[in-house]
Amino acid sequence: MSTLFTKIVKGEIPCYKVAEDNIFLAFLDINPLAIGHTLVIPKKEVDYIFDLDDDLYTDLHHFCRKVALGLRKAIPCLRIGTAVVGLDVPHVHVHLFPLNSMDDMNFMKPKLRFSDEEFAEIADKIKKEIKV
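Keep in mind that this is a model prediction, so the values were computed, not measured. (Residues numbered from 1 in each chain as written. Predicted model: local features only at pLDDT ≥ 70, side-chain atom pairs only at ≥ 80, totals over all residues. Heavy atoms only, no water.)

## Observations regarding the overall build of the protein
Here comes step 1: In terms of regular secondary structure, the protein is built from three helices and five strands.
Here comes step 2: Overall, the protein shows an N-to-C arrangement of helices and strands of α-β-β-β-α-β-β-α.
Here comes step 3: Relative to the globule expectation of 14 Å for 132 residues, the C-alpha radius of gyration of the protein, 14 Å, shows essentially globular dimensions.
Here comes step 4: Based on the C-alpha atoms only, the size of the protein along its principal axes is roughly 35 × 30 × 30 Å.
Here comes step 5: Looking at the protein as a whole, 43% of its 132 residues are labelled buried.
Here comes step 6: The long-range fraction of contacts in the protein, counting pairs at least 24 apart against all pairs at least 6 apart in sequence, stands at 57%. (Helix = DSSP H or I, 4+ residues; strand = E, 2+ residues; numbered from the N terminus. Rg over C-alpha atoms; globule rule 2.2 N^0.38 Å. Buried < 20%, exposed > 50% of the residue type's maximum accessible area, 1.4 Å probe, protein only. Contact = heavy atoms within 4.5 Å.)

## Some remarks on a negative patch on the surface
Here comes step 1: Taken together, the side chains of D53, D54, D55 and D59 make up a negatively charged region of the molecular surface.
Here comes step 2: Looking at D59, the relative accessible area reads 35%, which means it is partly exposed. (Patch = residues over 30% accessible without salt bridge, like charges linked within 9 Å, V, L, I, M, F, W, Y side chains within 5 Å. Areas by Shrake-Rupley, 256 points an atom, 1.4 Å probe, with all protein chains shown as cover. Salt bridge = Lys/Arg side-chain N within 4 Å of Asp/Glu carboxyl O. Lys, Arg positive; Asp, Glu negative; His and termini not counted. Charge placed at Lys NZ, Arg CZ, Asp CG, Glu CD.)

## Looking at the sheet that holds strand β5 (residues 94-99)
Here comes step 1: If you walk across this open sheet you meet the five strands as β1-β2-β3-β5-β4, and the pairing is antiparallel. Each end of this open sheet is capped by a strand with a single partner; those strands are β1 (17-20) and β4 (79-83). Across the sheet, the axes of successive neighbouring strands diverge by a mean angle of 20°, strand direction being ignored.
Here comes step 2: The sheet contacts of helix α2 (residues 54-74) involve β1, β2 (24-28), β3 (38-42), β4 and β5, and relative to β3 the element is tilted by about 155°. (Pairing = 2+ DSSP bridges. Axes fitted to C-alpha atoms, helices over the stretch in contact; angles between N-to-C directions.)

## Notes on the side chain of H91
Here comes step 1: Looking at the secondary structure, you find H91 in the loop between β4 and β5.
Here comes step 2: Engagement of the side chain of H91 in a polar contact is seen with the side chain of T3, the distance being 3.0 Å.
Here comes step 3: Within the structure, H91 has its side chain in polar contact with the backbone oxygen of P42 (distance 2.8 Å).
Here comes step 4: When neighbours within four sequence positions are excluded, H91 is seen to be in contact with T3, F5, T6, I41, P42, K43, K44, E45, V46 and D47. (Polar contact = N/O pair within 3.5 Å; in protein donor to acceptor, adjacent residues only side chain to side chain.)

## Focus on the environment of N106
Here comes step 1: With respect to the helices, strands and loops of the structure, N106 is situated in the loop between β5 and α3 (116-127).
Here comes step 2: By relative accessible area, which is 28% here, N106 ends up partly exposed.

## A closer look at the nonpolar core
Here comes step 1: Membership of the largest hydrophobic core comes to 29 residues, with the highest contact counts inside it found for V18, L28, V40, L60, V67, L96 and I126.
Here comes step 2: Every element with two or more residues in this core is listed here: β1, β2, α2, β5 and α3.
Here comes step 3: The element contributing the most residues to this core is α2, with eight residues.
Here comes step 4: Other than its neighbours up to four places away in sequence, V40 contacts L25, A26, L60, F63, C64, V67, V92, H93, V94 and L96.
Here comes step 5: Counting seven residues, the second largest nonpolar core, distinct from the first, contains I8, F27, L39 and I41. (Core = buried A, V, L, I, M, F, W, Y, C linked by side-chain atoms within 4.5 Å.)

As structure tokens, then:
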């Protein structure tokens, strides 16, 4: 059975895309911890990050870096944090968070809510800064 993220890759579920190439996709988290909270996934469905082959693992991190550099330009912050948890969706995904404090990565805090228009505006702002 396809994961939620595979359905996004196939276009069966919409997303707020910020970057894409033939192998990876980056899109806004719909339950963000911070403005610009982005998920980066390989299009290939793999459950656990350490099950990726060496090349895909390395390339994923290179793609994350490109997205993070654009994200930092688009959303003012001190740093871009990363997290790989992998318990909620069985498809490898890297969280990229604009950070101004350690609390910005607290998965227990209430999630932010945005309208479709606000999500689209945030995604467009980030997309313009990413060089993929």
